[in-house]
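Residue strings, one per chain:
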Amino acid sequence: MNTSGKVDPRVLRTRRLLKQAFFELLQEREVDKITVNQLAERATINRVTFYLHYRDVPDLMDRIADEMIQEISGILSVDNPDPEQRNSPGGRRERLLKLLEHIADNSKFYKSVLATRRISVFAERLLDLISNLILGEIQRQEQLQPDGSSMQIQKDIAIWYGSSALMGVIIKWLQNDMPYSPAYLARQFAMLTYRN
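Please read all numbers here as calculations on a predicted model, not as lab measurements.

J.: Any chance you could break down the packing of aromatic side chains for me, citing the residues and the numbers?
T.: Per the stated rule, a full pass over the model turns up 7 aromatic pairs. A ring pair is formed by Phe22 and Phe23, whose centres lie 6.2 Å apart and whose planes are at 55°; its orientation type is tilted. With a relative accessible area of 0%, Phe22 lands in the buried category. On the basis of relative accessibility, which here comes to 18%, the residue Phe23 falls in the buried class. The interplanar angle of 90° and the centroid separation of 5.4 Å between the aromatic rings of Phe50 and Tyr51 together place this pair among those described as edge-to-face. Aromatic rings pair up to connect Phe22, Phe23, Phe109, Tyr110 and Phe122 into one cluster.

This is the structure:
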C-alpha cells in the first residue's frame, strides 16, 4: 500500500493513455459508440487493466469531467486578496484570459466535448462552474454595495445570462477554429459584459 500519498507512476501513465485514447476515439465516432475494448486497444492495455481504473466508459467520462473542472477551478482561483482589484474589470478579464488560454492549450479536447460532440457531462459541469463564478461575482458586488444598488437584475437571470453567454462564445470560438487569440477574445467579451 502506498502510504506517502503519491500515486504510482504506472497508474498515472495508464490513466493518461486511456484519456488520450478516449480523446482520439472522440475524433472518430460518437461517444455512445466507444467501447471498453476500443479504449483498451487504443491505449495498448488490456481490458482487465481498464477495469482496475474505471467501471465503464461513462465512469471514465465522469472522472475526466471532474479533472477538467478541478483544473479550471485551479486556473480561475483568485490569488489576489484585495477584493477591489480582484473584482475590477481588469481582474475579471485576467481570469477570463486564463480560462481561454487553458481552453486554447487543450483545444482538441474542448472542441470534441463542447463544440463538436457536445457531451453533456462536460458542458453541464463547465456551465455549473461558470454559473458559480458569476454567483460569486454577484455576491462580492453585493458585499461592496450592501444597500443593493449594484444589482437591479434578478440574481438567477444574471447567472443564466452570463454563463450562457460565456459558454456560447467559447463554443462558437472552438467551432470556428479559434480565429481570435485568447487575449483578444477576453478583451472583447469583457467589453460586452463589464461596461458600466
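J.: How would you explain unusual backbone geometry if you had to name every residue and give the values?
T.: Located in the positive-phi region is Thr44, a residue other than glycine, with phi close to 55°. Within the secondary structure, Thr44 sits in the loop between helix H2 (36-43) and helix H3 (47-53). Here Thr44 falls in the exposed class, since its relative accessible area comes to 64%.

J.: Residue-level account of the packing of helix H1 (residues 9-28) against H2, with values.
T.: H2 packs onto H1 with a crossing angle of 115° between their chain directions and a minimal axis gap of 8 Å. The chirality of how H1 crosses H2 is right-handed. Contacts from Leu17, Leu18, Ala21, Phe22, Glu24, Leu25 and Glu28 of H1 reach H2 at Gln38, Leu39, Arg42 and Ala43. Residues belonging to the contact of H1 with H2 are distributed by class as follows: 7 nonpolar, 1 polar and 3 charged.

J.: Account for the nonpolar core, naming residues and giving values.
T.: Nonpolar side chains in soluble globular proteins generally cluster together in the buried interior. Counting 53 residues, the largest nonpolar core has Phe22, Leu39, Leu114 and Phe122 as its most contacted members. Among the elements that make up this core, the one with the highest residue count is helix H4 (residues 57-76) (9 residues). Every residue in contact with Leu114, bar those within four places of it in the chain, is listed here: Phe122, Ala123, Leu126, Met167, Ile170, Ile171 and Leu174.

J.: Give a detailed account of the environment of Val48, specifying residues and quantitative values.
T.: As for its placement among the helices and strands, Val48 is situated in helix H3. Val48 gets classed as exposed once you look at its relative accessible area, which sits at 58%.

J.: Hey, could you go over the UniProt feature "DNA-binding region" (unreviewed entry) in the protein chain for me, with residue numbers and the actual values?
T.: Those residues carrying the UniProt feature "DNA-binding region" (unreviewed entry) are residues 35-54 in this numbering. Structurally, residues 35-54 comprises 75% helix and 0% strand, and the distance from its first C-alpha atom to its last is 13 Å.

J.: So what about the environment of Leu17? Which residues, and what values?
T.: Following the sequence through the fold, Leu17 ends up in helix H1. Among the residues examined, Leu17 registers a relative accessible area of 27% and is labelled partly exposed.

J.: Give me the lowdown on H2, citing residues and values where you can.
T.: Those residues of H2 that fall on the buried side of the exposure criterion are Val36, Leu39, Ala40 and Ala43. What you see down the axis of H2 is that its buried residues fit within an arc of 95°, all on one side. For H2, the elements touching its buried residues are H1, H3 and H4. At the C-terminal side of H2, Thr44 shows a positive phi close to 55°.

Definitions and cut-offs
- Residues numbered from 1 in each chain as written.
- Predicted model: local features only at pLDDT ≥ 70, side-chain atom pairs only at ≥ 80, totals over all residues.
- Heavy atoms only, no water.
- Phe/Tyr/Trp six-rings, centres within 6.5 Å; stacked < 30°, edge-to-face > 60°.
- Buried < 20%, exposed > 50% of the residue type's maximum accessible area, 1.4 Å probe, protein only.
- Helix = DSSP H or I, 4+ residues; strand = E, 2+ residues; numbered from the N terminus.
- Axes fitted to C-alpha atoms, helices over the stretch in contact; angles between N-to-C directions.
- Left-handed = near helix turned anticlockwise from the far one by under 90°.
- Contact = heavy atoms within 4.5 Å.
- Nonpolar A, V, L, I, M, F, W, Y, C, P; charged D, E, K, R; others polar.
- Core = buried A, V, L, I, M, F, W, Y, C linked by side-chain atoms within 4.5 Å.
- UniProt positions renumbered as here; feature names shortened; annotations may be inferred.
- Arc of directions from axis to C-beta.

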